[in-house]
Amino acid sequence: QGVGKSTVAIAIPHFANWYIRSISAANLMASFRNRTKEALQNELKLALSQKKKVVVIIDEINELFEYFESENHDSSATAKYFWGFLDIQKRNSNFFLIGTMNRETEIPDQLKQRMGQGIVYFEGKQKHKALRNRFKKVIDRSPHIALDDTCDNACLDKCIEAFSKRPIP
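Since the model is a prediction, treat every value here as computed from it, not as a measurement.

**Q** Can you walk me through unusual backbone geometry in this structure?
**A** A negative phi holds for most residues other than glycine; trans holds for most peptide bonds. For Asn17, which is not a glycine, the phi torsion comes out positive at approximately 60°. With respect to the helices and strands, Asn17 occurs in the loop between helix 1 (5–16) and strand 1 (19–24). On the basis of relative accessibility, which here comes to 71%, the residue Asn17 falls in the exposed class. Phi angles above zero are rare outside glycine, and Glu60 is one such case at about 60°. Examined against the element boundaries, Glu60 turns out to sit in the loop between strand 2 (54–59) and helix 4 (74–89).

And the structure:
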């Protein structure tokens, strides 16, 4: 919806100099039973196989779990796998997950309970200053990521402009 979710999601690992594995939930969806779970499992294994600090970004993460409570849908197996995966990664300081979505009401409780750093809300179209401030709040809350002292507001604005391909107002 053009509020800067993807820009901030990509900027975090970029600034932290972590490996980025960006995944679109729509690209994981499969028409055969349990194929979505297998596709997600393969993507996460690939990300962890890099043997370096990794940020996995899942765009529209809620799409993976729309019908997770129903055994008649693929999202049930996908959700069970994902909850277990997150439980295993809980103490892995080299793994960070970012999930984007348009409505936080679609986050299953099982995922909310596993969210260590919480939720960042974006309201309406964001100006670069608002994006910068939100980005800094996310960084400040993370015990594993910090900005270099030379990265001031002007530096962040240039990066935001490059990521969003919009001129700074």
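**Q** How should I be thinking about the environment of Lys53 in this particular structure?
**A** Position of Lys53 relative to the elements: it lies in the loop between helix 3 (35–48) and strand 2. Remark: the alpha-carbon pair of Lys53 and Phe96, spanning 43 residues in sequence, is separated by 8.1 Å. For Lys53, the residues in contact, after removing those within four places along its chain, are Trp18, Tyr19 and Asn94.

**Q** Just checking my understanding: could you explain the state of the cysteines for this structure?
**A** What we call a disulfide is simply a covalent bond connecting the sulfur atoms of a pair of cysteines. Summed over the entire model, instances satisfying the criterion amount to zero disulfides. Of the cysteine sulfurs around Cys151, a residue in no disulfide, the closest is that of Cys155, at 3.4 Å.

**Q** Honestly, helix 3 in this entry has me stumped. Any pointers?
**A** Given 3.6 residues to a turn, an α-helix orients residues that are three or four positions apart in the same direction. For helix 3, which comprises 14 residues, the first-to-last C-alpha distance of 20 Å matches the rise-based estimate of 20 Å (1.5 Å per residue) to within 8%. Residues of helix 3 that are buried include every one of Thr36, Leu40, Leu44 and Ala47, and no others. Buried residues in helix 3, looked at end-on, bunch into an arc of 60°, giving them a common side.

**Q** Sorry, what's going on with the sheet that holds strand 1 here?
**A** Two modes of strand pairing occur in sheets, parallel and antiparallel, and in both the strands are linked by backbone hydrogen bonds. A sheet is described by the order of its strands in space; here three strands give the open sequence 1-2-3, paired in parallel fashion. One side of each edge strand has no neighbouring strand; the edge strands of this open sheet are strand 1 and strand 3 (95–99). Averaged over all adjacent pairs, the angle separating strand axes in this sheet is 15°, with direction ignored. Inspection of the sheet shows strand 2 paired to strand 3 by five bridges, in the parallel sense. Bridging from a neighbouring strand, Val54 pairs with Phe95 of strand 3. Of the strands in this sheet, strand 1, strand 2 and strand 3 are in contact with helix 1, which crosses strand 2 at around 170°.

Rules of the game
- Residues numbered from 1 in each chain as written.
- Predicted model: local features only at pLDDT ≥ 70, side-chain atom pairs only at ≥ 80, totals over all residues.
- Heavy atoms only, no water.
- Helix = DSSP H or I, 4+ residues; strand = E, 2+ residues; numbered from the N terminus.
- Buried < 20%, exposed > 50% of the residue type's maximum accessible area, 1.4 Å probe, protein only.
- Contact = heavy atoms within 4.5 Å.
- Disulfide = S-S within 2.5 Å.
- Expected span 1.5 Å × (residues − 1).
- Arc of directions from axis to C-beta.
- Pairing = 2+ DSSP bridges.
- Axes fitted to C-alpha atoms, helices over the stretch in contact; angles between N-to-C directions.

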